[in-house]
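Here is what each chain is made of, one letter per residue.
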Amino acid sequence: MIVGRSERGKPPVEPVTLKILVAGGFGVGKTTLVGAVSEIRPLRTEEVLTEAGRPVDDTRGVEGKHTTTVAMDFGRITLREDLVLYLFGTPGQDRFWFLWDELATGALGAVVLADTRRLEDCFAAVDYFERRSIPFVIGVNCFDGAVRHPAEAIRQALDLDDDVPVVLCDARERESVKEVLIEVVRHAGTQAADRRASVAT
C-alpha cells in the first residue's frame, strides 16, 4: 500500500487522557466493571475476606463474595483515537474511604455503581461527589434475578438532581460499560460548559 504525502506528513494524534472514578458500595461490581472494559490487564488490589473483618464487612446480599478491593482497581480504555480514559475503581468499605480523596484528585467525573437490592449502599458515594462538585452518573448494575426499576424511580429514591444521568447497565458486558463511560464524559462536558457560561454572564 502506497501512503500519500498528506498521510505520511500527518503528525501523530496526541490523545487527550481523562481520569474517571468508579465508586459505589461493597460488592456492587466495580472491579468487574473495570475488568470488563479495560484494554490492558487491569491492576487489582484484592484481598481475601477474613473472619477478622466479618464484624465490619456487611456481606448481606453478596454472600458469595470472598475478596475485596483494599486500594483501587485500575484500567484503561481508548474511546477514540484522540480520547483515552483511565479508570480508577475505589474501595467500597468505609474503612478504606481515606483513599478516595487521593483517587479523586484530577478526576473528570465518576460512575456511582448501584445495586437496587442494596440501593442505600451508594448514598455515601453520591454525597461525596455532590459535596466536591465532581460530575457523576448513576450506573444501575442489573444483577441476574434482581427486580428492574425505572430510571426515574431510582432517581427519586436517591434524591438526585434532574440533570444527573441514570443508566441501566451490565457491569460484565464491555459495550454496556462503554455506554456508561461515554455518558460520564458527556455529562462532565455539559457541566463544564454550563460553568463557563455562568462565569461569562
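Residues numbered from 1 in each chain as written. Predicted model: local features only at pLDDT ≥ 70, side-chain atom pairs only at ≥ 80, totals over all residues. Heavy atoms only, no water.

### A word on unusual backbone geometry
Rules: Under the scheme applied here, a residue whose accessible area is under 20% of the maximum for its type counts as buried, over 50% as exposed, and between as partly exposed, the area being computed with a 1.4 Å probe on protein chains only.
Of note in the backbone geometry, Ser-133 takes a positive phi value of approximately 55 degrees without being a glycine. Residue classification places Ser-133 among the exposed residues on the basis of a relative accessible area of 57%.

### Quick word on the packing of aromatic side chains
Defined as follows: Any two of the Phe, Tyr and Trp rings considered here, Trp counted by its six-membered ring, make a pair once their centres fall within 6.5 Å; the pair's planes then place it as stacked at under 30 degrees, edge-to-face at over 60, or tilted in between. Note on conventions: DSSP H or I runs of at least 4 residues are helices, E runs of at least 2 residues are strands, and numbering of each starts at the N terminus. A ring is considered to have a charge above it if a Lys NZ or an Arg CZ atom is located within 6 Å of its centre and within 35 degrees of its normal.
Tallying each qualifying case throughout the model produces six aromatic pairs. Seen from their ring centres, Trp-100 and Tyr-128 are 5.2 Å apart, and the 80 degrees between their planes marks the pair as edge-to-face. Note that Trp-100 is positioned in helix α3 (residues 100-104) and Tyr-128 in helix α4 (residues 123-131), a separation of 28 residues in sequence. Considered together, Trp-100 and Tyr-128 belong to a single accessibility category, that of buried residues. Over the face of the ring belonging to Phe-88 we find Lys-19, whose NZ or CZ atom lies 4.8 Å from the ring centre. Here the guanidinium or amino end of Arg-132 rests over the ring plane of Tyr-128, the centre of that ring lying 3.7 Å away.

### Looking at the pattern of salt bridges
Definition in use: The term salt bridge refers to a pairing of a side-chain nitrogen on Lys or Arg with a carboxyl oxygen on Asp or Glu at a separation within 4 Å.
Tallied over the entire structure, the rule returns eleven salt bridges. As a salt-bridge pair, Asp-115 and Arg-118 come within 3.4 Å of each other at their nearest N and O atoms. The buried category is assigned to Asp-115, whose relative accessible area is 2%. Three or more residues joined by partner-sharing salt bridges are found here, namely Asp-115, Arg-117, Arg-118 and Asp-121.

### A short note on the confidence of the model for the protein
Just so we agree on the cut-off: pLDDT runs from 0 to 100 and stands for how confident the predictor is about each residue. Between two residues, a contact is recorded if the distance between any of their heavy atoms is within 4.5 Å.
Per-residue pLDDT for the protein averages 84, and the proportion of residues at 70 or more is 79%. Contacts from residues 1-6, a stretch scored under 50 in pLDDT, to residues over four places away or in other chains number one contact. For residues 49-54, every residue scores under 50 in pLDDT, and the model assigns this stretch eight contacts once sequence neighbours within four places are set aside.

### Quick word on the pairing of strand β4 (residues 73-80)
Basically, it comes down to this: Note on pairing: DSSP must find at least two bridges between two strands before they are called paired.
In this sheet, strand β5 (residues 83-89) lies alongside β4 in antiparallel orientation, the contact comprising seven bridges. If you follow Arg-80 over to β5, its bridge partner there is Leu-83. As consecutive antiparallel partners, β4 and β5 are separated by two residues.

### Description of the sheet that holds β4
Filter applied, for reference: To define axes, lines are fitted to C-alpha atoms, for helices over the stretch in contact only, and angles between the resulting N-to-C directions are given on a 0 to 180 degree scale.
The six strands lie next to each other as β4-β5-β1-β6-β7-β8, forming an open sheet whose pairing is mixed. Either end of the sheet is taken by a strand with one partner, and the two such strands are β4 and β8 (166-169). Adjacent strand axes in the sheet meet at a mean angle of 25 degrees, parallel and antiparallel pairs treated alike. Here seven bridges tie strand β1 (residues 16-24) to β5, and the two strands are oriented parallel to one another. The partner of Val-16 across the bridge, within β5, is Leu-83. Those strands touched by helix α5 (residues 151-158) are β7 (136-141) and β8, and its axis lies near 120 degrees from that of β8.

### Remarks on the environment of Val-112
Locating Val-112 in the fold gives a position in strand β6 (residues 109-114). With 17 residues separating them along the chain, Val-112 and Phe-129 place their C-alpha atoms 9.1 Å apart.

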